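Chain by chain, the residues:
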Amino acid sequence: MYCITHHKIRRMKRIFFLILFCIGYFSNFAQVMPAAYQQGRDLYQRLAYSEAIPFLIKECTGNKNKFLEADIMLADCYRQTNQYKLAEGEYAIVCQDVRLKDDKQKLYYAQVLQTNQKYDKAAEWYGKYLEKFPMDSRAKNQKLASENVAQFTSGKKLYITNLPFNTNGYDFGACINKNTLYFTSTGGKVDDVKAKDINAWTGERFMNLYSTEIQQSDTASDIFTTAAILPNAVNTKYNEGPLCFNKDNTKVYFTRNQYNPEEKAKMAYSKEREANLSIFEATIENGNWTKIKELPFNSKQFSCGHPALDEDNKTLYFSSTMPGGFGGSDIWKVKYDGDKWEKPVNIGTSINTEGEEMFPTFDNSKTFYFASDGQGGIGGLDIFSSKMTDNGIVDLKNLGTPINSSYDDFAYLINDDKTVGFFSSDRPNGKGEDDIYRFADIEYKLEILVIHKHNKSAIANAHVQVKNGEQIKNDDYTNTDGKLIIPVEPGTTYNLQADALGYLPATVSKTIIENEKQALQKVVIELEPMVMQVKVINDVTKAPIPNAKLTCSSPCQQSVKVNSTDENGKINYAVQDKCTYTLEASAKSYLPKPASQYTITLVDTTYVIIELTQITEKAIALNNIYYDFDKWNIRPEAEEDLNMLLAFMKNNPDAIVELSSHTDARGDDAYNLSLSQKRAQSAVSWLVMHGVSDSKIKPVGYGESKPVNNCRNNIKCTEEEHQRNRRTEFKVLNAGEIINSTTKERIVVDPCNNCLF
């Protein structure tokens, strides 16, 4: 439960002062008074301000302001009914009239100027008032505040909404108990109300207690039921004001005119015929308010209202005009010892001034809030906070904008986690005279989702940098869901850059929408993967080779990838910038391609084309299998071609290969024939040792009978020309059967999520 316990007793001390002042000051005129003036004065003295205005206007227009007192009363009527622009004009007339004897009008003029945000002029008139009353702390505080009003601009971003149950009348003083919000209201303006049911001060109905259920609540907004007036046992035909509950919900304290229908008594009036306010207590039984009684420290000679229990529920704070105060209405406290209420104590000048202090309340951290027009603020009543300690009241602060305005702001309430609260205000553009406003301290957040541009999968551990102009606001990485959530400011445009291994960087901008229902806003950043697209083709026809096997390895990847090309001879690999990749390609009926290396640079796609030579019945030279003179052992460089041949045999298990060796023309023909056979056999033995069946490969030695150049017997050649004839070749004896085979192997594609196609 969090509760605000206020009843808006408008300028309680001023009421008392004006009644005495009007009776004593205006009754001594010997001259004949016009009927309109006399009727307006009578209404004014009865505090019927709204009704007095049209009569007083008749005596205050053009050159008809014969009676300065008519201007004074009209100015006060405008001020008391919140018509501040009109009040300013009338006070300007009053305060510049040489007949003015009452310096209080200068104070009221300064207050109205402050409400109308004319701070320089307000400071001037506070100064003029201080010339007569130099010790008035209220005027001192407000003069200093008007001279430096910028200090009250808090810079805090709160989201303020006018609540749906407000009327065109007076609605104020929210109190929440469980899921019910209680408030005070005149119920809206109604044309056909009987005169006895009208409060002549406001020209509206008397105030009653209303309630509305909170059906749904979150930081962004609340949903309320239709407001309903509380039962007649609570409300009377006069005024009831806001309230507070004790923690165990067994007692409720509320403000009411000094009238208790249960005692069948009439309204109690003071000696000055004022109907003052008192604090009443009710016991809650089965949801009903029973045993309603007035607290013992009330008196018909002064007003008490705005009950507020402290967080410990041991002390009741309230606002009162009782004797012993320092100004208009002061804040007092009274303890209940378990049996009776002790004597009320004024909480002192740390809070109370010559002005009005009212609407006390507490939050769950024992911070004390109240409204004052004397502590120095933006104008009218401002809301203040303070801490009550064993050493007194400390850390007094004006809450500043946007809670406070130059108008009356009061009845402050905040929830336990300090994110949502309520206050009342008569600021412009409301629905009525006073409205209840809800504020939310919403922490706007931006959810950044980084995804693959094509398959929309989330990218974990993506690096995201967020800038506000040139300032880096956030620098972090996405989680396993590809998300990063950061706090942001509404109305601000951010530039976001994301990058990740295997992706090209991307930049987007996002403007945070100022909408309290969208506290969490979202942006998606799509990253284009860095791709190496490999295409395997026939080296003669350039036709794509489907189902070609590709082996990809790199120090930048954890394992070797072995995949096959698609029907277009293509395969895509996700790669990383500045990494080197080694590719080996082979295909059925094609010679394998030896391993080649490719280094990636930061481009959209790296294109690699690998050309394979198709097998025919023609002999193909193994370019690296050469032999030393008169030797048949395999030289180290020969293993590259033998590995290629080994890969071919594995890819083409049905192939029958003739592996032939040749010699140069030097030496005896028979010897060379034997030497070439040994050379062919040594190559075959290497392949058999590496897993090739000896039935699939036939060694044949041709000696010097098939030279590749003109180096025959008795022809002088260079050593290099002789070396070219000392070679090994192979041909596929059943190449036609392999090439024309209609058997299609299953194509295995790269399962990588980062591939483009």
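Residues numbered from 1 in each chain as written. Predicted model: local features only at pLDDT ≥ 70, side-chain atom pairs only at ≥ 80, totals over all residues. Heavy atoms only, no water.

(A) Representation of the overall build of the protein chain in the model. For the protein chain, the count of helices and strands is twelve helices and 41 strands. When burial is assessed residue by residue, the protein chain has 53% of its 757 residues classed as buried. Of the contacts formed within the protein chain by residues at least 6 apart in sequence, a portion of 59% connects residues at least 24 apart. Carbon and sulfur atoms form 49% of the exposed surface of the protein chain, whose accessible area is close to 34,700 Å². (Helix = DSSP H or I, 4+ residues; strand = E, 2+ residues; numbered from the N terminus. Buried < 20%, exposed > 50% of the residue type's maximum accessible area, 1.4 Å probe, protein only. Contact = heavy atoms within 4.5 Å. Areas by Shrake-Rupley, 256 points an atom, 1.4 Å probe, with all protein chains shown as cover.)

(B) Layout of the pattern of salt bridges. Summed over the entire model, instances satisfying the criterion amount to 29 salt bridges. The shortest N-O distance in the salt bridge between D577 and K578 comes to 2.8 Å. A relative accessible area of 24% places D577 in the partly exposed class. Residue K578 is classed as exposed on the basis of its relative accessible area, which comes to 68%. Linking R724 and E720 is a salt bridge whose minimum nitrogen-to-oxygen distance equals 3.4 Å. Taken together, the residues R724 and E720, both in helix α11 (residues 719–725) and four residues apart, mark about one turn of the helix. Residue R724 is classed as partly exposed on the basis of its relative accessible area of 44%. Among the ionic contacts, a cluster of salt bridges with common partners joins D664, R666, E719 and R726. (Salt bridge = Lys/Arg side-chain N within 4 Å of Asp/Glu carboxyl O.)

(C) Inspection of the packing of helix α4 (residues 68–80) against helix α6 (residues 104–115) at higher detail. Two elements in contact, α4 and α6, have axes whose closest approach is 12 Å; the angle formed by their N-to-C orientations is 35 degrees. Considering only the axes of α4 and α6, their crossing is left-handed. Contact residues: I72, D76 and R79 in α4; Q105, Y108 and V112 in α6. Of the residues contributing to the contact of α4 with α6, the split by class is three nonpolar, one polar and two charged. (Axes fitted to C-alpha atoms, helices over the stretch in contact; angles between N-to-C directions. Left-handed = near helix turned anticlockwise from the far one by under 90°. Nonpolar A, V, L, I, M, F, W, Y, C, P; charged D, E, K, R; others polar.)

(D) Spatial organisation of unusual backbone geometry. Between T401 and the following residue, P402, the backbone shows a cis peptide bond with an omega angle of 0 degrees. Inspection of the secondary structure puts P402 in the loop between β20 (392–398) and β21 (409–414). Unlike most non-glycine residues, K178 shows phi in positive territory, near 60 degrees. Tracing the sequence through the fold places K178 in the loop between β2 (171–177) and β3 (180–185). Owing to a relative accessible area of 62%, K178 belongs among the exposed residues under this scheme. Phi is positive for A411, which is not a glycine, with a value near 60 degrees. Note on placement: A411 falls in strand β21. Assessed through its relative accessible area of 2%, A411 is described here as buried.

(E) Broad picture of the pairing of strand β34 (residues 570–574). Extensive coverage of β34 is indicated by the burial of four of its five residues. Note that strand β31 (residues 531–538) and β34 share five bridges and pair antiparallel. Across the sheet, residue V534 finds its bridge partner in β34, namely I571. (Pairing = 2+ DSSP bridges.)

(F) Spotlight on the packing of aromatic side chains. Evaluation of the coordinates by the stated rule reveals 31 aromatic pairs. On the numbers, 5.6 Å between centres and 45 degrees between planes, the contact of Y317 with F368 is tilted. Of this pair, Y317 sits in strand β14 (residues 315–320) while F368 sits in strand β18 (residues 367–372), and the two are 51 residues apart along the sequence. Comparing Y317 with F368, the two get one shared label, buried. Put simply, the rings of Y182, F245, F254, F280 and W289 pair up and form one aromatic cluster. (Phe/Tyr/Trp six-rings, centres within 6.5 Å; stacked < 30°, edge-to-face > 60°.)

(G) Molecular detail of the packing of α4 against helix α5 (residues 84–95). One can describe the packing of α4 onto α5 by two numbers: an axis separation of 8 Å at closest approach and a directional angle of 155 degrees. When the axes of α4 and α5 are compared, the pair comes out roughly antiparallel. Note that α4 runs across α5; the crossing there is left-handed. Each of L68, D71, I72, L74, A75, D76, Y78 and R79 in α4 lies in contact with α5, whose residues at this interface are Y84, L86, A87, E90, Y91, I93 and V94. A breakdown of the residues in the contact of α4 with α5 according to their chemical character gives eleven nonpolar, no polar and four charged. (Parallel < 35°, antiparallel > 145°, perpendicular 65-115°, else oblique.)

(H) Looking closely at the nonpolar core. Counting residues in hydrophobic clusters, the biggest one holds 34 residues, and the most contacted among them are C77, Y91 and Y109. Sorting the residues of this core by element identifies α2 (35–45), α3 (49–58), α4, α5, α6 and α7 (119–132) as the ones contributing at least two each. Among the nonpolar cores identified, the runner-up in size contains 25 residues, and I442, L446, V450 and V488 belong to it. (Core = buried A, V, L, I, M, F, W, Y, C linked by side-chain atoms within 4.5 Å.)

(I) Expanded view of the sheet that holds strand β24 (residues 445–452). Reading across from one edge, β27-β24-β30 is the order of the three strands in this open sheet, with mixed pairing throughout. The sheet is open, and its two edges are formed by β27 (483–487) and β30 (520–527), each paired on a single side. The sheet shows a mean angle of 20 degrees between the axes of neighbouring strands, direction not considered. As paired elements, β24 and β30 share eight bridges and run parallel to each other. Looking across to β30, one finds that I448 is bridged to V523.

(J) Quick peek at the sheet that holds strand β15 (residues 330–335). As summarised here, the arrangement of the four strands in space is β13-β14-β15-β16, forming an open sheet in which the pairing is antiparallel. The open sheet has two edge strands with one neighbour each: β13 (304–309) and β16 (345–346). Two strands pair when backbone bridges link them, and β13 and β14 are joined in this way by four bridges, in the antiparallel orientation. By the bridge assignment, L309 is partnered in β14 with L316.

(K) Broad picture of the environment of T153. Along the chain, the position of T153 falls in the loop between α8 (137–147) and β1 (159–162). Residue classification places T153 among the exposed positions, given a relative accessible area of 53%. Separated by 225 residues in the primary sequence, T153 and I378 place their C-alpha atoms 9.3 Å from one another.

(L) Highlighting the environment of A35. Along the chain, A35 falls in helix α2. Taking the C-alpha atoms as reference points, A35 and E59, 24 residues apart in sequence, are found 9.9 Å from one another.

(M) How the structure looks around the pairing of β3. Counting buried residues along β3, six of its six residues qualify, which places the element largely inside the surrounding structure. A two-sided burial pattern is seen for β3, the buried positions comprising T180, Y182 and T184 on one face and L181, F183 and S185 on the other. Relative to β3, β2 is paired through five bridges, and the arrangement is antiparallel. Considered in β3, the bridge of F172 is made with T184. Taken together, β2 and the strand that follows it, β3, pair antiparallel across an intervening segment of two residues, in which K178 is found at a positive phi of about 60 degrees.

(N) Just the confidence of the model for the protein chain, in detail. For the protein chain, per-residue confidence averages 85 on the pLDDT scale, and 87% of positions sit at 70 or higher. Confidence drops under pLDDT 50 across residues 1–30; counting only partners more than four residues distant or on other chains, this segment forms 128 contacts. The model gives residues 742–757 a pLDDT under 50, and that stretch makes 39 contacts with residues more than four places away or in other chains. (pLDDT = per-residue confidence, 0-100.)

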